[in-house]
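What follows is each chain in one-letter form.
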Amino acid sequence: MISIGTPLLWTLFTAFVLIALAIDFLALNRQGSHTVSMREATLWSLIWVAVSFVFVGWLWWYLGGTSTDPDARGLADAKALEFITGYLVEKALAVDNIFVFLMIFTYFAVPAAFQKRVLMIGILGALVLRAIMILVGAWLIAQFHWIMYVFGAFLLFTAIKMWWAAGQEPDLGNNPALRWINKHMKLSPSFDGEKFFTIDNGVKMATPLLVVILLIGIVDVVFAVDSIPAIFAITTDPFIVLTSNVFAILGLRAMYFLLAGMHERFHLLSYGLAIVLGFIGTKMLLIDIYKIPVAWSLGFTVTTLAVTMVLSLKIPSRHGKTGTAFPFRPKPESGSTGKS
């Protein structure tokens, strides 16, 4: 499989990701548990988007975007376009991921001050899963071309399922994973700070925060399975696939706090995502008949998402805000005997 990823590019990219995560963790530890303001969320969201476009601009230059060689310019333009398209598709799917996170946090009444740590762990899990699945997916495509048809059919199925689920109120209480957790774990009725385990009446119990972490991990797996085939429909270059995914995920924590209060306003976004996934699935199924240009994919994605967001603002949602099913409360500091 042909890739622009040289040892130098992979090394620089890996170093950047490690530094970015270290800065994020350092900021998280210094700030402690606190509620993220809209100003802070907006600032960090803009920073991550800007960093992503600075990266693709640098990559375009590195590959010869300003060269007098038409072949080098063509390669630079193509890879930059692939990155931007993949980034926007993965960013759009990440928004849907955010709304699922919001549903979980609301269901368990997770205090806003505790959500930062959960999101950071969830992002790390998503990064590891994406890296593993991209490597596996790239190997499968290199070995078996017909796997593209499997990916395409799977995306069409996912699009239909997403369209059907978009018009229904989610019922987390009947989720099989949550039922299994409730059956096999002793669960404390209250939070104990940011701890995952606590002592309640002499019995060691899992706090609701641990259950939330487990559910976030399951969500990471589900969304990785959905999003990886989508990006391979745009490009099969492992370097572009991984970098576009990682940059889309790195700003997920800030974007959550920015969009947390906008779930109802963008209630039609899932329909738009279903249409985009259906388009990408169709593109994969037609790959040996007609290769839809990446620029068309980019235009279709941007137009579809923009239209659904505008319509969301004009058409009111049929559903009200979901209530909290499990009103967990923070454990008073004076009575806390928990152990993390």
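Residues numbered from 1 in each chain as written. Predicted model: local features only at pLDDT ≥ 70, side-chain atom pairs only at ≥ 80, totals over all residues. Heavy atoms only, no water.

1. Describing the side chain of S45
So, point 1. Mapped onto the elements, S45 comes out in helix α2 (residues 38–62).
So, point 2. Look at S45 and you get buried, because its relative accessible area is 7%.
So, point 3. Setting aside chain neighbours within four positions, we find S45 in contact with A254, M255 and L258. (Helix = DSSP H or I, 4+ residues; strand = E, 2+ residues; numbered from the N terminus. Buried < 20%, exposed > 50% of the residue type's maximum accessible area, 1.4 Å probe, protein only. Contact = heavy atoms within 4.5 Å.)

2. Looking at the pattern of salt bridges
So, point 1. Tallied over the full model, the rule gives two salt bridges.
So, point 2. The salt bridge involving E82 is made with K79; its shortest N-O contact spans 3.5 Å. With a gap of three residues between them, E82 and K79 both fall in helix α3 (residues 70–107), about one helical turn apart.
So, point 3. For K79, a relative accessible area of 11% corresponds to the buried category.
So, point 4. Across the pair D237 and K79 runs a salt bridge, and its minimum N-O distance is 3.1 Å. Note that D237 is positioned in the loop between α7 (208–232) and α8 (238–250) and K79 in helix α3, a separation of 158 residues in sequence. Judged on exposure class, the residue D237 and its partner K79 are both buried.
So, point 5. Through salt bridges with shared partners, a single network forms among K79, E82 and D237. (Salt bridge = Lys/Arg side-chain N within 4 Å of Asp/Glu carboxyl O.)

3. Focus: the pairing of strand β3 (residues 203–206)
So, point 1. Two strands pair when backbone bridges link them, and strand β2 (residues 197–200) and β3 are joined in this way by four bridges, in the antiparallel orientation. What sits directly across from I199, in β3, is K204.
So, point 2. The antiparallel hairpin formed by β2 and β3 contains two residues in its connecting segment, where N201 sits at a positive phi of about 55°. (Pairing = 2+ DSSP bridges.)

4. Focus: a nonpolar patch on the surface
So, point 1. Side chains of L8, L12, W58, W61 and Y62 sit close together on the surface and give an oily, nonpolar patch of about 500 Å² of accessible area.
So, point 2. Broken down by secondary-structure element, the contributors of at least two residues to the nonpolar patch are α1 (7–31) and α2.
So, point 3. When residues of the nonpolar patch are assigned to their parent elements, the largest contribution, three residues, is made by α2.
So, point 4. When you line up the elements, W61 lands in helix α2. (Patch = residues over 30% accessible without salt bridge, like charges linked within 9 Å, V, L, I, M, F, W, Y side chains within 5 Å. Areas by Shrake-Rupley, 256 points an atom, 1.4 Å probe, with all protein chains shown as cover.)

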